[in-house]
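Residues per chain are reported as follows:
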Amino acid sequence: MRFVDEYRDAETAQVASAQITALCEPGRSYRFMEVCGGHTHTIYKHGLEDYLPESVQLVHGPGCPVCVIPMGRVDDAIAIAEQPGVILTCFGDMMRVPGGNGSFFDATARGADIRMVYSPLDALKIAKANPDKRVVFMAIGFETTAPSTAITLRRAAADRVDNFSVFCNHVTILPAIKAILDSPDMRLDGFLGPGHVSTVIGCRPYEFIAADYHRPIVVAGFEPLDLLASVVMLLTQLREGRCAVENQYTRVVPWDGNPLALDAIAETMVLRPHFEWRGLGFISHSALSVHPDYAAFDAERIFELPGIRVADPKSCQCGEVLKGVINPWECKVFGTACTPETPIGTCMVSSEGACAAYYNFGRFTRRRVRQEIAG
Amino acid sequence: MSAGEAVAADRERAVLDAIERTRRARPRLKEDRVVLAHGAGGKATHTLIEAVFMPVLGNPALQAREDQAVFEVGGASIAFTTDTFVVSPLFFPGGSIGDLAINGTVNDLAMSGARPLYLSAGFVLEEGFPIADLRRIVADMGAAAAAAGVSVVTGDTKVVQRGKADGCYVNTAGVGLLEGERRLGADRIRPGDALIVSGGVGDHGVTVMLARGELDLQADLASDTISLYPMVRDLLTAAPGVRCLRDATRGGVATILNEWAVAAGCGIVADEDAVPVRAEVRGACEILGIDPLYVACEGRFLAAVDPADVDAALAALHRHPDGRDAAVIGHTKEEPPGLVLLRTGFGGTRVLDMLIGDPLPRIC
């Protein structure tokens, strides 16, 4: 497959792997956080860790859109869906996320009309096709998906689709990275920056990571060779005693981002004073709500929401996993009480969640796998 | 490795062992209502079967957990199976619910090594369903039955009020005759067996999904639905070392590999690059974020074969137009029992688990 296979070539991976090993200083170990859940998925899906020496550890970050949705917001969405005449639409990943009263799948089994869409524009189409229903799109995701929600809001206003609204749960990545950098548990040597978010916001906003926290960050693509190349770039910076923002994903990410997308977000959404992140708690200025100019399309104004904060189950350690403080398997309920079929925490739900990725693809120590394959 | 790392590695191993114990424990049904995943053919389906059906209806034939039962009647060995079809849309490139209803049941019989003989057909029709569409479905059933050499010998029709069903559902059951003493089954799989797939995977699932027209994707694809009996007959004749066959319907190739690893108590190492997947299927799966190894086929099967017979088996399959792309995709091993490992195209290794959830509901 063109434009894909080139970035999955095993021979090139061997070369990158040798470079990585050569760049590692003997006796030193490295912990790099891949901020984005898409990276976590790539790492496990392709078995990328087989190419890394044991001294290089990849730590999974908070950039999984589904993982950071708190239980109370799931309950709010179900409350909307259970209103008469409502069709709730969402991305497929949301369907299995547990709230205080079950998941969207459980709600559909009870009779709610919740439909999966691949794009918010599809939700708008559903609204146009069902003028007698109120169609709500549950918007989730970082700056990556916010522009498509923004464009949909613009189009809904232009086409006067007054039975359409957005339940906005968009979050922004920088406050989460900052929260991790400020955390006393922080033991990271550098970051693999979120490639898709950066197509929108560009590379400049990460400069504080290098300037104030003295950690290198390389904005990375999503194919396995992108990640290996980015690890080479991080190790090169450390070897040369530098800390800078670098862009490996130049084929997609412009240094200054996408001004059209940023304008669309600024026009249709505003920063919330604070927002609860699952496992991380409340973070100031870390999420977006629908702009007052678009109030007619804001589900939070149209529907009465319970808005009750639901505490995470005590046994769930998603917060520590999202901050990279513990490995997925170090969580007390990992793989026993909490599995992809019956998840307790969000990290076990999305294919981008660190726990689900580790459970589905990596449920084996690297050393043991090598022994089995060789034997 | 430092002492600290050694302790961590031991702890990780202990956690992984605990997980394997949990996975082998009898599954518990936590839902109080049926959810779509219960019909997806993956873990949730297994849980439903083990929790609801097996405790009440269990008997030696059912407990074999194969896609068909095999039993003796009057000295003859009979294979018996049933399947229900709820595919949406009813018509798609390469076939219709009528083709699936015949081929699905014929193939479940063929996988036991039986010669498919007689089928039943039951219809649940929604009030208002066009007779012309029903005629098309039945015409497809007639053509598929003739191609497979089976007869539909009994049937039933029910009509429900408008809105209480989605157009047309079809159930078929079938019986077949096992000739000779040879029996196939997952319990016969041995470490070292070669695992063969009979052709490119994922065509049916992706075709049906694109035919729904919800995704604004187009590809030159058609369903792979066919009767597998002729290919199976020639395979079994050519390769006495065939130990087990299973058609890769819901849950796809990955789910069968997992079922076999568990049933045979062996490990499986599969090679991602060896699995034949059409470029159009790979492309669509890449865009949609699904793995072709989990996508349903309706005319492909997996065979576990004694390594000594691999060449004969492949040669027999390659003689059929639908078996041209047949390939060895992996092997069984002693270790690790019950687990499927995938060597990725990128050169890494990962676990290939059973299907969780349902990426594509109502595919057959």
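So, the overall build of chain B
And then number 1: For chain B, the count of helices and strands is ten helices and 14 strands.
And then number 2: Expected size for 364 residues packed as a compact globule is a radius of gyration near 21 Å; at 21 Å, chain B falls within 12% of this value.
And then number 3: Taken along the three principal axes of its C-alpha coordinates, chain B extends 75 × 45 × 45 Å.
And then number 4: Scored against the burial criterion, the 364 residues of chain B give a buried share of 52%.

Let's talk about the overall build of chain A
And then number 1: Of regular secondary structure, chain A possesses 15 helices and 13 strands.
And then number 2: For chain A, whose C-alpha radius of gyration is 21 Å, the value lies close to the compact-globule estimate of 21 Å for 375 residues.
And then number 3: The 375 residues of chain A split such that 61% are buried.
And then number 4: Per element, the accessible surface of chain A, about 14,100 Å² overall, is 53% carbon and sulfur.
And then number 5: Of the side-chain charges in chain A, 35 are positive and 43 negative, and the distance between the mean point of each set is 2 Å.

Examining the state of the cysteines
Residue and element names in this part refer to chain A.
And then number 1: As enumerated under the stated definition, the model contains one disulfide over all chains in all.
And then number 2: A disulfide bridge connects Cys-64 with Cys-67, and the sulfur atoms are separated by 2.3 Å. Taking the sign of the S-S torsion, 70° for the link of Cys-64 and Cys-67, the bridge is right-handed.
And then number 3: Exposure remark for Cys-64: the relative accessible area of 1% places this residue in the buried category.
And then number 4: For Cys-67, a relative accessible area of 0% corresponds to the buried category.
And then number 5: With no disulfide of its own, Cys-338 lies 6.4 Å from the sulfur of Cys-355, the closest cysteine sulfur.
And then number 6: Left unpaired, Cys-347 is separated from the closest cysteine sulfur, that of Cys-318, by 3.6 Å.

Here's the deal with the interface of chain A and chain B
And then number 1: With 48 residues of chain A at the contact, the number on the chain B side is 46 residues.
And then number 2: Counting each side, the surface lost to burial between chain A and chain B is near 4,100 Å², with a carbon and sulfur contribution of 58%.
And then number 3: At the boundary of chain A and chain B, one finds two salt bridges.
And then number 4: Seen at the junction of chain A and chain B, the total is seven residue pairs in polar contact (both at pLDDT 80 or more).
And then number 5: Secondary structure elements with two or more residues in the side of chain A that touches chain B: helix H1 (10-23), helix H2 (37-45), helix H4 (104-110), helix H5 (120-129), helix H10 (224-239), helix H14 (354-361) and helix H15 (366-374) of chain A.

A look at helix H2 (residues 43-57) of chain B
Residue and element names in this part refer to chain B.
And then number 1: For H2, spanning 15 residues, the distance from its first C-alpha to its last is 20 Å, which sits close to the expected 21 Å at 1.5 Å a residue.
And then number 2: Of all the bends found along H2, the most pronounced is centred on Glu-50 and spans about 35°.
And then number 3: Inspection of H2 places Lys-43, Thr-45, Thr-47, Leu-48, Glu-50 and Met-54 among the buried residues, and these make up the whole buried set.

Thoughts on the environment of Cys-297 of chain B
All names here are of chain B.
And then number 1: Structurally, the position occupied by Cys-297 is in the loop between helix H9 (279-288) and strand E11 (301-305).
And then number 2: Once the C-alpha coordinates of Cys-297 and Asp-140 are considered, the two residues, 157 residues apart in sequence, prove to be 18 Å apart.
And then number 3: Not counting the four nearest positions on each side in its chain, Cys-297 is found in contact with Val-201, Gly-202, His-204, Asp-224, Ala-248 and Thr-249.

Things to note about the pairing of E11 of chain B
Looking along a regular strand, one sees the side chains alternate between the two faces of the sheet.
Residues and elements named next belong to chain B.
And then number 1: Among the five residues in E11, five count as buried, and that is most of the element.
And then number 2: Here E11 shows two buried faces, one formed by Phe-301, Ala-303 and Val-305 and the other by Leu-302 and Ala-304.
And then number 3: The pairing of strand E8 (residues 194-197) with E11 spans four bridges and is classified as antiparallel. Within E11, the residue paired with Ala-194 across the bridge is Val-305.
And then number 4: As paired strands, strand E9 (residues 242-247) and E11 are joined by five bridges and run antiparallel to one another. If you follow Asp-247 over to E11, its bridge partner there is Phe-301.

A few points about the sheet that holds strand E5 (residues 134-141) of chain A
Residue and element names in this part refer to chain A.
And then number 1: Taken in spatial order, the four strands line up as E4-E3-E5-E6 in an open sheet, and their pairing is parallel. Both edges of this open sheet fall to strand E4 (113-116) and strand E6 (164-170), since each of them pairs with a single strand only. Ignoring which end each strand starts from, the neighbouring axes of this sheet average 25° apart.
And then number 2: One ladder, built from four bridges, connects strand E3 (residues 86-90) with E4; its direction is parallel. Note on E4: the bridge partner recorded for Cys-90 is Met-116.

Quick notes on the nonpolar core
And then number 1: Counting residues in each nonpolar core, the largest one holds 108 residues, and the members touching the most others are Met-94, Phe-104, Met-138 and Phe-164 of chain A.
And then number 2: One finds Ala-101, Ile-196, Val-208 and Leu-228 of chain B within the second-largest nonpolar core, a separate group that totals 51 residues.

A few points about the pattern of salt bridges
And then number 1: For the coordinates displayed, the defined rule picks out 30 salt bridges over all chains.
And then number 2: Close ionic contact of Asp-122 of chain A with Lys-125 of chain A constitutes a salt bridge, the shortest N to O distance being 3.7 Å. Residue Asp-122 of chain A and its partner Lys-125 of chain A are located together in helix H5, separated by three residues, close to a single helical turn.
And then number 3: A residue is classified by how much of its surface remains accessible, and Asp-122 of chain A, at 17% relative accessible area, is buried.
And then number 4: When its relative accessible area of 47% is taken as the criterion, Lys-125 of chain A is described as partly exposed.
And then number 5: The shortest N-O distance in the salt bridge between Asp-234 of chain B and Arg-233 of chain B comes to 3.4 Å.
And then number 6: Relative accessible area serves as the criterion here: at 39%, Arg-233 of chain B is assigned to the partly exposed category.

Regarding the pairing of E5 of chain A
All names here are of chain A.
And then number 1: Most of E5 is tucked away: seven of the eight residues are buried.
And then number 2: The sheet contact formed by E3 and E5 spans four bridges and is parallel. The partner of Val-86 across the bridge, within E5, is Arg-134.
And then number 3: By the bridge criterion, seven bridges tie E5 to E6 in an arrangement that is parallel. Along E6, the bridge assignment pairs Val-136 with Ser-165.
And then number 4: Handedness of the crossover joining E5 and E6 through helix H6 (residues 146-158) is recorded here as right-handed.

Quick notes on the confidence of the model for chain B
And then number 1: When pLDDT is averaged along chain B, the result is 92, and 98% of the positions lie at 70 or above.
And then number 2: Taken over the whole predicted complex, pTM reads 0.88, whereas the ipTM for its chain interfaces reads 0.82.

Here's the deal with unusual backbone geometry
And then number 1: Across the junction of Ser-88 of chain B and Pro-89 of chain B, the peptide omega takes the value 5°, indicating a cis bond.
And then number 2: For Pro-89 of chain B, the position within the fold is in the loop between strand E2 (76-85) and strand E3 (91-92).
And then number 3: Residue Arg-160 of chain A is not a glycine yet carries a positive backbone phi of 50°.
And then number 4: Relative to the helices and strands, Arg-160 of chain A is located in the loop between H6 and E6.
And then number 5: For Arg-160 of chain A, a relative accessible area of 71% translates into the label exposed.

How each quantity is defined
Residues numbered from 1 in each chain as written. Chains lettered and ligands numbered in written order. Predicted model: local features only at pLDDT ≥ 70, side-chain atom pairs only at ≥ 80, totals over all residues. Heavy atoms only, no water. Helix = DSSP H or I, 4+ residues; strand = E, 2+ residues; numbered from the N terminus. Rg over C-alpha atoms; globule rule 2.2 N^0.38 Å. Buried < 20%, exposed > 50% of the residue type's maximum accessible area, 1.4 Å probe, protein only. Areas by Shrake-Rupley, 256 points an atom, 1.4 Å probe, with all protein chains shown as cover. Lys, Arg positive; Asp, Glu negative; His and termini not counted. Charge placed at Lys NZ, Arg CZ, Asp CG, Glu CD. Disulfide = S-S within 2.5 Å. Contact = heavy atoms within 4.5 Å. Buried area = accessible area lost by both parts, 1.4 Å probe. Salt bridge = Lys/Arg side-chain N within 4 Å of Asp/Glu carboxyl O. Polar contact = N/O pair within 3.5 Å; in protein donor to acceptor, adjacent residues only side chain to side chain. Expected span 1.5 Å × (residues − 1). Bend = angle between axes of the 7 residues up to and from the residue. Pairing = 2+ DSSP bridges. Axes fitted to C-alpha atoms, helices over the stretch in contact; angles between N-to-C directions. Core = buried A, V, L, I, M, F, W, Y, C linked by side-chain atoms within 4.5 Å. Right-handed = clockwise from strand over helix to strand, strands pointing away. pLDDT = per-residue confidence, 0-100.

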